[in-house]
Amino acid sequence: MGQKKDLTGSEKSKIVRYLAEGCSSLKIAKLLKRDHRTIKRFIQNSQQGRKKRVEKPRHKITAHELRKVKRAAAKMPLATSLAIFQSCNITGVPKSTRCAILRDMAKVRPPLNKTHKLKRQDWAKKYLKTDFSKVLWTDEMRVSLDGPDGWARGWIGKGQRAPVRFRRQQGGGGVLVWAGIIKDELVGPFWVEDGVKLNSQSYCQFLEDTFFKQWYRKKSASFKKNMIFMQDNAPSHASKYSTAWLARKGIEEEKLMTWPPCSPDLNPIENLWSIIKCEIYKEGKQYTSLNSVWEAVVAATRNVDGEQIKTLTESMDGRLLSVLAKKGGYIGR
């Protein structure tokens, strides 16, 4: 058995399934014909999760100064970190510290309580033996004309002038986009017209007109038999009406994945949304109409190839191991 350099995504998936079946690392190495040290290293790294970056002690600023920086950053979203701190009359703070402080202000994750963590662990244990190449991961994304939250994120170099940007209520309006990914395939994107928020009836009608008529109906009977449909716990998704409607379509019980609360970090399509948003809003780009921003979304999704999608869907085994190692806590995405 030669020792290879890297494990493939397929091999990593098999390791997770063998572990769930109670196999030892030595037995897994024999089954995969790989060096047992390679298998043990992968298991140890997965259980430990990502190592935290060791940061040097920051230059201390007071709570009062921190509040001043927060207000200044809200008023100057395209300014340099130096300009933001100078506007607050705070000097002598290194650039690395200024940027770290500003990054901390951008972290928005709701805290997980004990129940959330237990449900996330139960979910991970339930799906350890799942073949994730059969799972369709779905979600909606809202894109506005002016960018995420109407702001362009970034810093303008010292002495440079910030570009003129439109300032419009609610980011000038936006488009709600639905899509799915399975194995190495992108389903959609589809434009959810007439409104930002869906109720149960409009959600089911939307799925009927787009997902079922334009994609699902073309699939073979064997594919439909094995496919698992994933959706989050949005009210329009988890309602009794939607659940019963999907059951009539043959998507029920084990074919409809249960989803833990507060878990966008476990859904690989969230990473796809990040890729698309970075593309359509690069260099602070804004749009003048809903059609133009929709065309940008379509163009961005065309640039996402099958290998990128496959990387996301094959990351699920590692995500399950990470959430178990963190005892239900958030994992890095």
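Residues numbered from 1 in each chain as written. Predicted model: local features only at pLDDT ≥ 70, side-chain atom pairs only at ≥ 80, totals over all residues. Heavy atoms only, no water.

(A) Representation of the overall build of the protein in the model. Helix and strand counts for the protein come out as 15 helices and four strands. Expressed as a percentage of the 333 residues in the protein, the buried residues total 43%. Considering only contacts in the protein between residues 6 or more positions apart, those separated by 24 or more positions represent 77%. Total accessible area on the protein stands at roughly 19700 Å², and carbon and sulfur atoms take up 51% of it. (Helix = DSSP H or I, 4+ residues; strand = E, 2+ residues; numbered from the N terminus. Buried < 20%, exposed > 50% of the residue type's maximum accessible area, 1.4 Å probe, protein only. Contact = heavy atoms within 4.5 Å. Areas by Shrake-Rupley, 256 points an atom, 1.4 Å probe, with all protein chains shown as cover.)

(B) Region of interest: the nonpolar core. The biggest cluster of nonpolar side chains holds 42 residues, and the ones touching the most others in it are Trp-123, Trp-137, Val-143, Met-257 and Ile-280. For this core, the secondary-structure elements that each account for two or more residues are α7 (114–126), β1 (135–144), β2 (174–182), β4 (228–230), α12 (269–280), α13 (290–302), α14 (306–313) and α15 (316–325). A per-element tally of this core places α13 first, with six residues. When neighbours within four sequence positions are excluded, Trp-123 is seen to be in contact with Met-257, Thr-258, Trp-259, Pro-260, Leu-266, Met-316 and Leu-320. The next biggest cluster of nonpolar side chains, apart from the first, holds 22 residues, and it includes Val-192, Phe-206, Tyr-216 and Trp-245. (Core = buried A, V, L, I, M, F, W, Y, C linked by side-chain atoms within 4.5 Å.)

(C) Broad picture of the sheet that holds β1. One open sheet accounts for four strands, arranged β3-β2-β1-β4; its pairing is mixed. Unpaired on one side and paired on the other, β3 (185–192) and β4 mark the two borders of the sheet. Pairs of neighbouring strands in the sheet enclose a mean axial angle of 20°, with direction left out of account. In terms of strand pairing, β2 meets β3 through six bridges, oriented antiparallel. (Pairing = 2+ DSSP bridges. Axes fitted to C-alpha atoms, helices over the stretch in contact; angles between N-to-C directions.)

(D) Broad picture of the packing of aromatic side chains. The final tally for this structure, using the stated rule, is 16 aromatic pairs. Centre to centre, the rings of Trp-137 and Trp-259 are 6.2 Å apart; their planes meet at 70°, and the pair counts as edge-to-face. Taken together, the residues Trp-137 in strand β1 and Trp-259 in the loop between α11 (240–248) and α12 connect sequence positions 122 residues apart. A relative accessible area of 10% places Trp-259 in the buried class. With 6.1 Å between their ring centres and 25° between their planes, Trp-178 and Phe-190 make a pair best called stacked. Pair noted here: Trp-178 is in strand β2 and Phe-190 is in strand β3, with a separation of twelve residues, a long-range link. The class of Trp-178 is buried, set by a relative accessible area of 0%. Take Phe-190: its relative accessible area is 12%, and that puts it in the buried class. Stacked on the ring of Tyr-216, the Lys or Arg Lys-224 has its end atom at 5.2 Å from the ring centre. (Phe/Tyr/Trp six-rings, centres within 6.5 Å; stacked < 30°, edge-to-face > 60°. Lys NZ or Arg CZ within 6 Å of the ring centre and 35° of its normal.)

(E) Just the pairing of β1, in detail. Along β1, nine of the ten residues are buried, which leaves the element largely enclosed by surrounding structure. In this structure, β1 lies alongside β4, joined through three bridges in parallel fashion. By the bridge assignment, Val-135 is partnered in β4 with Ile-228. Strand direction decides the pairing type here: β1 and β2, joined by eight bridges, are antiparallel. Each bridged residue has a counterpart across the sheet, and for Glu-140 the counterpart in β2 is Trp-178.

(F) Examining unusual backbone geometry more closely. Residues Gly-188 and Pro-189 are joined by a peptide bond in cis, for which omega reads 5°. Mapping Pro-189 onto the fold places it in strand β3. Its identity as a non-glycine residue notwithstanding, Cys-262 has a phi of 50°, on the positive side. Mapped onto the fold, Cys-262 is located in the loop between α11 and α12.

(G) Quick peek at the packing of helix α8 (residues 200–214) against α11. Interhelical geometry of α8 versus α11 gives an angle of 30° and a closest axis separation of 8 Å. Between α8 and α11, the angle is such that the two are roughly parallel. Here α8 runs over α11; the crossing is right-handed. Here α8 contributes Ser-200, Gln-201, Tyr-203, Cys-204, Leu-207, Glu-208 and Phe-212 to the contact with α11, which in turn contributes Tyr-241, Ser-242, Trp-245 and Leu-246. Here the residues of the contact of α8 with α11 are counted per class, giving seven nonpolar, three polar and one charged. (Parallel < 35°, antiparallel > 145°, perpendicular 65-115°, else oblique. Left-handed = near helix turned anticlockwise from the far one by under 90°. Nonpolar A, V, L, I, M, F, W, Y, C, P; charged D, E, K, R; others polar.)

(H) How the structure looks around α14. Within α14 the residues assigned to the buried category are Ile-309, Leu-312 and Thr-313. For α14, the angular spread of buried residues about the axis comes to 95°, placing them on one side. Summarising the geometry of α14, the exposed residues directed more than 90 degrees from the buried face are Glu-307 and Thr-311. Where α14 is buried, its residues meet β1, β2, β3, α12 and α15. Measuring from the side-chain oxygen of the N-cap residue of α14 to the backbone nitrogen of Glu-307 gives 3.2 Å; that N-cap residue is Asp-305. (Arc of directions from axis to C-beta. Polar contact = N/O pair within 3.5 Å; in protein donor to acceptor, adjacent residues only side chain to side chain.)

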